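Here are the chains, one letter per residue:
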Amino acid sequence: MAEENLTLRVPYKDVAQWLVERKKLPSDWGKLLNVLHHKLQENLSSIPKSTFPKAHQLVEERKNDMNAQLLEEVFVLLLQTEEGKQKNFFGKYSNKTVKEVNMVNKMYDKYNLKLAEAAKTLVQKHGFDIPALKKQVHSMEKQRKYLGDKAYELEEHSKEAKNTYKEECKKFGVSGDKLEEETLDLVQELPKLFKLVEKELSGKKVETFLKLFFEFYKHNSGEDLPKDTLAHLKYVNQNGDETVGLFNARKSDPKGKGTKDLKVKNKKRYDCYYKFSDYWASKKNNFGIVEEPVDFAIELVEEEGTASQIEIVDEGKTDWEVIDKGEAPSPLEEKIDFEEETIFSDTTLRESLISEIMEAQFFCKQRIA
């Protein structure tokens, strides 16, 4: 069998011992390799940059992996320079750096330690580095699968949330594409709805119902119903939707004394809804006040050999006086009282009114049945 076709099957862990048994490595090769590797690092790290720039650059690039292979490459670069080529009368290299690198290189060759270093690297890579990388790859594959499943799950949740959002928007009669603008439009629709409800509740049908309702009860029981029975429905039937302030004033004084200003204010009870979009815009713009940026004259100064520092340079341009003028009111807020609600917009009064309407509806259904 030809020598080049010869295949040796040696366990990678036993390569170094296999070489020792065949006299290719000394028995104490481990100690020799450690000493020589320390000498290699010392010599390569001391290569002067000015004399051997290429060799120095190569060492800097591979300073975390110094070995016999790097040593050979550096030695070749040293010999490519005029300084490295020079020899003395005895044929030895004149430059100290070249001599030391050559000596270490010869020591590697003398004890066949380049082969030992290769065997050690083989054990390290095959026994530790490659298995560790395989575990890392396996872990990352699991993580990739998990993140892929999670991304799919989140995508489905996102679709579900979008569909739910669209359904909820449909309930309010908006598309949801420009929710803020659409909501502001809905706010302006409220006065129309309030006036429509007010028209129905103030109409003759409700008035007739209330009259028959109280007469029916008196006819059956012989007594009048308590005054607070369907009180809100009666009030709206007689007065319509009014501000809470006017409502409370009429309750305390049925004759309506001292309600003149409240009645004037009541006429503008829906103004806020029509101007709500402008009011909202002013709110978003901090009540319409635009703050101009202040130049604090702060410069970032970086000095040689020191970290970056912040230097405050006051050229007399900065006004440091703090003047507290209080919170500026919105021009719209001065004209519109947004806190004043009506019977329809006030939660408590509206719920009481709805409850009375449902009671009246139930009464009608019983009579029809």
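Below or above, wherever it landed, is the structure these notes cover. (Residues numbered from 1 in each chain as written. Predicted model: local features only at pLDDT ≥ 70, side-chain atom pairs only at ≥ 80, totals over all residues. Heavy atoms only, no water.)

1. Details of the overall build of the protein
If you tally the helices and strands in the protein, you get 16 helices and two strands. The buried share of the protein, reckoned over its 369 residues, is 26%. Taking the contacts inside the protein whose residues are at least 6 apart along the sequence as the reference set, 59% of them involve residues at least 24 apart. Accessible surface for the protein amounts to roughly 27800 Å². Of this, 54% is attributable to carbon and sulfur atoms. (Helix = DSSP H or I, 4+ residues; strand = E, 2+ residues; numbered from the N terminus. Buried < 20%, exposed > 50% of the residue type's maximum accessible area, 1.4 Å probe, protein only. Contact = heavy atoms within 4.5 Å. Areas by Shrake-Rupley, 256 points an atom, 1.4 Å probe, with all protein chains shown as cover.)

2. Brief notes about the packing of aromatic side chains
Under the counting rule described, the total for this entry stands at 10 aromatic pairs. Geometrically, the ring pair formed by F75 and Y93 is edge-to-face, given 6.0 Å between the ring centres and 90° between the ring planes. Pair noted here: F75 is in helix 4 (residues 68-79) and Y93 is in the loop between helix 5 (82-85) and helix 6 (96-110), with a separation of 18 residues, a long-range link. Put simply, the rings of F209, F213, F214, F216 and F363 touch in pairs and so form one group of aromatic residues. (Phe/Tyr/Trp six-rings, centres within 6.5 Å; stacked < 30°, edge-to-face > 60°.)

3. As for the nonpolar core
Formed by 30 residues in total, the largest nonpolar core has its most connected members in W29, L44, V74 and Y108. Where this core is concerned, the elements lending two or more residues are helix 1 (15-21), helix 2 (29-45), helix 3 (53-61), helix 4, helix 6 and helix 7 (113-171). Looking at this core, the element that brings in the most residues is helix 4, giving six residues. L44 has contacts with V59, M66, L70, L71 and V74, leaving out every residue within four places of it along the chain. Within the second largest apolar cluster, 23 residues are counted, among which are L225, L233, F247 and Y270. (Core = buried A, V, L, I, M, F, W, Y, C linked by side-chain atoms within 4.5 Å.)

4. As for the packing of helix 3 against helix 4
At their nearest, the axes of helix 3 and helix 4 sit 8 Å apart, and the two run at 160° to each other. Between helix 3 and helix 4, the angle is such that the two are roughly antiparallel. Note on packing geometry: the crossing formed by helix 3 with helix 4 is right-handed. Here K54, A55, L58 and V59 of helix 3 come into contact with helix 4, specifically with L70, E73, V74, L77 and L78. (Axes fitted to C-alpha atoms, helices over the stretch in contact; angles between N-to-C directions. Parallel < 35°, antiparallel > 145°, perpendicular 65-115°, else oblique. Left-handed = near helix turned anticlockwise from the far one by under 90°.)

5. Here's the deal with the layout of surface pockets
Its volume calculated, the second largest pocket comes out at about 340 Å³. Contributing to the lining of the second largest pocket are 13 residues, with H37, D65, E117, K120 and T121 lying nearest its centre. Breaking the lining of the second largest pocket down by element, the ones donating at least two residues are helix 2 and helix 7. Among the elements that take part in the lining of the second largest pocket, helix 7 stands out by supplying six residues, more than any other. (1 Å grid on protein atoms, 1.4 Å probe; cavity = no way out; pocket = protein on both sides within 12 Å on 5 of 7 lines; lining within 4 Å. Points joined across faces, edges and corners; volume = space filled by probe spheres on them.)

6. Details of the packing of helix 10 (residues 231-239) against helix 11 (residues 244-252)
Between helix 10 and helix 11, the shortest axis-to-axis distance is 13 Å and the interhelical angle comes to 105°. When the axis of helix 10 is compared with that of helix 11, the two are roughly perpendicular. Across the interface between the two elements, H232, Y235 and N239 from helix 10 touch L246, F247 and R250 from helix 11. Residue composition of the contact of helix 10 with helix 11, by class: three nonpolar, two polar and one charged. (Nonpolar A, V, L, I, M, F, W, Y, C, P; charged D, E, K, R; others polar.)

7. Thoughts on the side chain of R269
By the secondary structure assignment, R269 is in the loop between helix 12 (260-266) and helix 13 (271-274). Polar contacts involving the side chain of R269 include one to the side chain of E198, which spans 3.4 Å. Within the structure, R269 has its side chain in polar contact with the backbone oxygen of N266 (distance 2.9 Å). Those residues in contact with R269 that lie beyond four places of it in its chain are E198, D241, E242, T243 and T342. (Polar contact = N/O pair within 3.5 Å; in protein donor to acceptor, adjacent residues only side chain to side chain.)

8. Let's talk about helix 6
End to end, helix 6 covers 21 Å across 15 residues, agreeing with the expected 21 Å (1.5 Å per residue, within 8%). Looking at helix 6, one finds that the buried residues are T97, V98, V101, N102, V104, N105 and Y108. Projected down its long axis, helix 6 shows its buried positions confined to an angular sector of 160°, all on one face. Of the exposed residues in helix 6, the ones pointing more than 90 degrees away from its buried face are K96 and K110. Its buried side turned inward, helix 6 meets helix 2, helix 4, helix 5 and helix 7. The backbone nitrogen of T97 lies 2.9 Å from a side-chain oxygen of the residue at the head of helix 6, namely N95. Count one or two residues on from helix 6 and you reach N112, which has phi positive near 60°. (Expected span 1.5 Å × (residues − 1). Arc of directions from axis to C-beta.)

9. Quick word on helix 4
Every α-helix winds through 3.6 residues per turn, so residues three or four apart in the chain are directed the same way. Counted at 1.5 Å a residue, the expected span for helix 4 with its 12 residues is 16 Å, and the 17 Å between its end C-alpha atoms agrees. Among the residues of helix 4, A68, L70, L71, V74, F75 and L78 are the ones counted as buried. Summarising the axial view, the buried residues of helix 4 lie within an arc of 150°, below the 170-degree limit, and thus occupy one face. Those residues of helix 4 that are buried lie in contact with helix 2, helix 3, helix 5, helix 6 and helix 7. The backbone nitrogen of Q69 has a side-chain oxygen 3.2 Å away, supplied by the residue at the start of helix 4, namely N67.

10. Points about the pattern of salt bridges
Oppositely charged side chains may form a pair once their charged atoms are brought near each other. One pass over the full model with this rule turns up 16 salt bridges. Among the salt bridges present, the one from R62 reaches E73, with a minimum N-O distance of 2.6 Å. Here R62 is found in the loop between helix 3 and helix 4, whereas its partner E73 is found in helix 4, with 11 residues between them in sequence. A cluster of three or more residues bridged by salt bridges with shared partners is formed by E72, D109 and K114. (Salt bridge = Lys/Arg side-chain N within 4 Å of Asp/Glu carboxyl O.)

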